[in-house]
Amino acid sequence: LSGYVFRAYHAVAPLNSSTGEATAAVMGTVNMLEKVFRERKPALVAVAMDSRTPTFRKKIDERYKAHRPPAPPELQSQMRRCEQIVRAYKIPVFQKDGFEADDLIATAVHHAREAKLTTVIVSADKDMMQLVDDERSDVVLWDTMRDKVYGPEEVLAKFGVKPSSVRDFLALTGDTSDNVPGVPSVGPKTACDLLTKFGTLEGIYEHVEEVARPKLKDALKTNEADARLSQQLVTLKSDVPLDWNLDGLRYEGANNDELRKLFEELEFTRLLTVLDGRPRTASGPSDTTSAPSSTGTPTTAAAPAPPAKTSTVFSKEELAAIVKRAETTHSLSLVFATMPTETSVHGIAAIGASISVEPGISAYVPLGHRYLFAPQQLTFDEFLETLLPALGDESIQKIFHDYKQLAPLFRGIEIKGTLTDVMIAALSLDPDVDSSVQGITKKTLHIDVPSGEPAKVAGKKTKATPLDAEQIEIISKRFAPLAEHALVAARELEKELEATKGLVLFREIEMPLVSVLRDMEETGVLVDRNVLAGLGEAASLAIADLEHRAQELVGRPFLLRSRDQLEEILFDELKLPVLKKTAKGGRSTDAEVLEELALDHALPGLLLEYRELDKLKGTYIEALPNAISPSTGRIHSRFYQIGAATGRIASNEPNLQNIPIRTELGRKIRAAFVAPEGMSIVSADYSQIELRVLAHLAEDKELVKAFTSGDDIHTHTASLIFNVDKSAVTQEMRRRSKTVNFAVLYGMGDIALAKKIDVSRAEAQEFIRAYFERYQGVRTFMDATLERARTEGSVTTIFGRRRYLPNLRAANRMLRMEAERIAKNTPIQGTSADILKVAMVKLHNADIVRGARMVLTVHDELVFEVPTEKAQEAAQKIKAVMEDAVKLRVPLEVNSNFAPNWNEAH
């Protein structure tokens, strides 16, 4: 236990309860215990604690650990707390006067081996690695902090010697932390070389005259006594008298009442939530603990469980038998091996499918492998026909990965019953997770799944074999287990979502949204090539004019895209001040620098105009025509419903989220998005939704008053900050107050605000001070949110979307400050994103007007195509649904309008 407490004490950022009690090491230790029980569910378990009296090693050598200072009081108090925690978990404890915890573990391993048990040592202590066998993985170490498992191969990789040689390796190198002397000048590489050549410490001294290096030979001879003493000190005793009783080691669950009392005293709010969300029960009777293998793969209690039973299915009869079984198991999991096809928009071809209807069994069904002598396979139509009974059975849960991408495969087929997308489930639980099948499997089930990417040969370019040309045997081995992994992962993810209060978010918002976005992708949006062509010509002329004017200012031709030429011109020829350096030590010419330099010279201003115009031309004006589908004449962007950590929707192919609305050219680009003949574009945009969400969350009286009375929020803020009547607020006052409103939302500091509104830093500080003085509810909310985030390690939206923020405890100040900014902003921005999604789901199911269809979403805006004669009615109905999507303390407001194109409708 002490090893983990020490690690947590030094690794976790300081944390104190409201009474001043230090709790960081306790929190780290509890998290370790929770991880063990949550992920490995041990049937037999024990904790080893150090002796309360001096150990036998002190009798061997008084120098042993003599240099260690007494533990600081805050560590001692946390050590006592950790003992209380262990007792509350009702974990059996090994402790023996005169012996270290390591010796007790070594003895327990000895007994476990005799009983033919698999043992997991939850530790990263290098001394423990001598307990691993050279060949077998019946004993492994699991470092929960790094989630790394050490078996025979990993120990060999770490030390360069087998586990049986670790003891002698440590005897030679010594250990400064324990004051084990070792042999001076013998480091890890030398020790490894000596043991590789001579086998053991005894072997080294039997053949010491054969050591080639004179200085090394002399050091070995001179320090032989210390080497042999060190061997005694590092050797773990495996014969300590222990009360070894398997029945006494069976884990039957914690004392929840005692744990709750301790967690309340320690103010572990998140752990209280977890404790209340699930019972603590034993995993059932067994003769072995649950053990990860040396590669990190989890195994079941009792004997290590075999991997999922897999097969390859070639006939309808075999497939039908599997599908029939789903009527009993009520589960059908499908993971497809696909390739893109050009036959339709976002079309895919199924090369094969992994199918599973119950844990432990999975099969691969090849459907489109085409290579010489490939065996006969089911056609996709035959595959689908066999699946139809299960797909239409409401009692069977359907499990997919990235169902939106697979939707074209099921066009025209109604899938009934609960549909679970494990990718969306994983992202709903943690938006930063690797959401591939392999990533989810590793994160949720702790099973490493090969990605299947071809190995790269150094110095050579390798071309991947197309999936349909791969041998069925190879793909089956890789894909067959995936459906079973997805099936089990789906159950675990839903349990976690329920425990963290995110199940409603997943079931009622994210899963219904899949169909909404799928329909939007298939519908696409119409873009007028002629408008873009005209913009392209105009942009080219404007760019040429900017280049000419810039070159005239300098007095010679130069490339405006060349950073090196710009650096020379700006700082060497024009002698403008160097404001910032690049990562490589050059003089920066980024936008922030140019904005400041523009106050002293005309060239930087021209460069900024040129860059903005050049970017818009390349990113949109020239790229959008290439994205138009030849078959539909429309752009079919891909939408990602958790494209950002806040839950905001993103898009690509092309990315339509960043078309500027505040520049003239940006608005002209939007004018190219048009409605077909007889239709109009309806744009509906939430007005100041994030400020309204802030008013709701903060319950700030002034903010609530402004929004409920219909005041202009920026004018209202200006009247408060400048202490004038609303009628006396000038446009400049309103402009600055608007910036301050959003500065608070996005955590902008005084330096950034000063630049934004062109005032001194002191004035910016005064603006922020005045804001929080008048909006005290906002200050209270921000402080409380940050404090809760530090305690729980995450923040949530009002719908339960969670974002984890490990950098709140980062030693790096910049990382920590960024995490604090995110903690304050995410509940606001994330809730705003959730509200838009709720509105999209409701609108998708609403009877707006006949022929209306949603075609785009950008930030807080939804764009529709509707019949022109019904455009006014549609705009009003869309506005009503969006404003009624969620009830807040303040009204939601939507601006809706219709026109022939997007720009005029916005």
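Residues numbered from 1 in each chain as written. Predicted model: local features only at pLDDT ≥ 70, side-chain atom pairs only at ≥ 80, totals over all residues. Heavy atoms only, no water.

## Looking at the confidence of the model for the chain
Quick reminder of the rule: Residue-level confidence of the predictor is what pLDDT reports, using numbers from 0 through 100. Whether two residues are in contact is decided by their heavy atoms, any of which lying within 4.5 Å being enough.
A residue-level look at the chain finds 92% of positions with pLDDT of 70 or above and a mean pLDDT of 86. Low pLDDT, under 50, characterises residues 452-462; the stretch is placed with 5 contacts to residues that sit more than four places away or in other chains.

## Side note on the nonpolar core
Applied cut-off: The set of buried Ala, Val, Leu, Ile, Met, Phe, Trp, Tyr and Cys residues whose side-chain atoms join them within 4.5 Å is what this entry labels a nonpolar core. Working definition: with a 1.4 Å probe on protein chains only, accessible area under 20% of the residue-type maximum means buried, over 50% means exposed, and in between means partly exposed.
Ile669, Phe673, Tyr686, Leu694, Val778 and Met840 are the most contacted members of the largest nonpolar core, which has 112 residues in total. The residues touching Tyr686, leaving out its near neighbours within four places in the chain, are Ile835, Leu836, Ala839, Asp860, Met882, Glu883, Ala885, Leu892, Glu893 and Val894. In terms of nonpolar packing, the next biggest core, distinct from the first, is built from 65 residues, Ile351, Val449, Leu497 and Val514 among them.

## So, the packing of aromatic side chains
Put simply, the test is: Any Phe, Tyr or Trp ring, taking Trp's six-membered ring, that has another such ring centre within 6.5 Å forms a pair; planes under 30 degrees apart are called stacked, those over 60 apart edge-to-face, and the others tilted. The secondary structure listing takes helices from DSSP runs of H or I that are at least 4 residues long and strands from runs of E that are at least 2 residues long, numbered from the N terminus. Both a distance and an angle decide whether a charge sits over a ring: NZ of Lys or CZ of Arg must be within 6 Å of the ring centre and within 35 degrees of the ring normal.
Taken as a whole and assessed by the stated rule, the structure comprises 17 aromatic pairs. With 4.4 Å between their ring centres and 25° between their planes, Phe37 and Tyr251 make a pair best called stacked. Remark: Tyr251 occurs in the loop between helix H12 (246-249) and helix H13 (256-266) and Phe37 occurs in helix H2 (residues 24-39); sequence separation between them is 214 residues. Residue class for Phe37 comes out buried when judged on its relative accessible area of 7%. Look at Tyr251 and you get buried, because its relative accessible area is 3%. Of the aromatic side chains, those joined through ring pairs into one cluster are Phe336, Phe380, Phe383, Phe400, Tyr403 and Phe410. The residue whose ring lies beneath Lys404 is Tyr640, and the NZ or CZ to ring-centre distance is 5.6 Å.

## Describing the sheet that holds strand S10 (residues 397-400)
Short version of the rule: Strands were regarded as paired on the criterion that DSSP finds at least two bridges between them. Convention adopted: a line fitted to C-alpha atoms gives each axis, helices being fitted over their contacting stretch, and angles between N-to-C directions are expressed from 0 to 180 degrees.
Pairing is mixed across the open sheet formed by 6 strands, whose spatial order is S6-S9-S8-S7-S10-S11. Looking at which strands have only one partner, the edges of the open sheet turn out to be strand S6 (309-312) and strand S11 (419-421). Averaged over neighbouring strand pairs, the angle between their axes works out to 20° when direction is ignored. Direction of pairing for strand S8 (residues 348-358) relative to strand S9 (residues 361-366): antiparallel, over a ladder of 5 bridges. Directly across from Ile355, in S9, lies its bridge partner Ala363. In this fold helix H18 (residues 422-429) packs onto S10 and S11, with an angle of close to 60° to the strand it touches most, S11. Against the sheet, helix H22 (residues 503-523) touches S10 and S11, its axis set at about 80° to S11.

## With respect to the sheet that holds strand S20 (residues 853-858)
With antiparallel pairing, 4 strands are arranged side by side in an open sheet as S20-S21-S17-S22. Looking at which strands have only one partner, the edges of the open sheet turn out to be S20 and strand S22 (894-899). Sheet twist, expressed as the mean angle between neighbouring strand axes with direction ignored, is 20°. Summarising the sheet, S20 and strand S21 (residues 861-867) pair through 5 bridges and their orientation is antiparallel. Bridge pairing in S21 places Val858 opposite Glu861.

## Structural notes on the environment of Gln84
Within the secondary structure, Gln84 sits in helix H4 (residues 73-88). Between the C-alpha atom of Gln84 and that of Leu808, which follows or precedes it by 724 residues, the distance is 27 Å.

## Thoughts on unusual backbone geometry
A cis amide bond links Glu653 with the next residue in sequence, Pro654, at an omega value of 0°. Note on placement: Pro654 falls in the loop between strand S15 (650-652) and helix H28 (664-670). One non-glycine residue, Lys116, lies in positive phi territory at about 60°. Mapped onto the elements, Lys116 comes out in the loop between helix H5 (101-114) and strand S3 (119-121). The residue His330 is not glycine, and still its phi comes out positive at about 60°. Considering the arrangement of structural elements, one finds His330 in the loop between helix H15 (316-329) and strand S7 (331-340).

## A closer look at the pattern of salt bridges
This is how the line gets drawn: Each reported salt bridge corresponds to a side-chain nitrogen of Lys or Arg within 4 Å of a carboxyl oxygen of Asp or Glu.
Enumeration according to the criterion identifies 61 salt bridges in this entry. The closest approach of N and O atoms between Lys221 and Glu209, which form a salt bridge, is 2.6 Å. One end of the pair, Lys221, is in helix H10 (residues 214-222); the other, Glu209, is in the loop between helix H9 (201-206) and H10, with 12 residues separating them in the sequence. A relative accessible area of 40% places Lys221 in the partly exposed class. In this structure, the salt-bridge partner of Asp834 is Arg801, at a minimum N-O distance of 2.7 Å. Within this pair, whereas Asp834 is found in helix H36 (residues 813-845), its partner Arg801 is found in the loop between strand S18 (794-796) and strand S19 (802-804), the two being separated by 33 residues in sequence. Summarising the burial analysis for this pair, Asp834 and Arg801 share the class buried. Three or more residues joined by partner-sharing salt bridges are found here, namely Arg563, Asp564, Glu567, Asp572 and Arg587.

## Considerations on the side chain of Ser362
Counting through the fold element by element, Ser362 comes out in strand S9. Here Ser362 is in contact with Lys309, Thr310, Ser311, Ser354, Ile355, Ser356, Ala480, Pro481, Ala483 and Glu484, once residues within four sequence places are set aside.

## A word on the pairing of S8
Consecutive side chains along a regular strand alternate between the two faces of the sheet. Among the 11 residues that make up S8, 10 are buried, leaving the element largely enclosed by the rest of the structure. Bridge count between S7 and S8: 8 bridges; the pairing is antiparallel. Bridge assignment links Pro340 to a residue of S8, and that residue is Ile348. Turn length for the S8-S9 hairpin, with the two strands adjacent in sequence and antiparallel, is 2 residues, and the turn residue Gly360 shows positive phi of about 90°.

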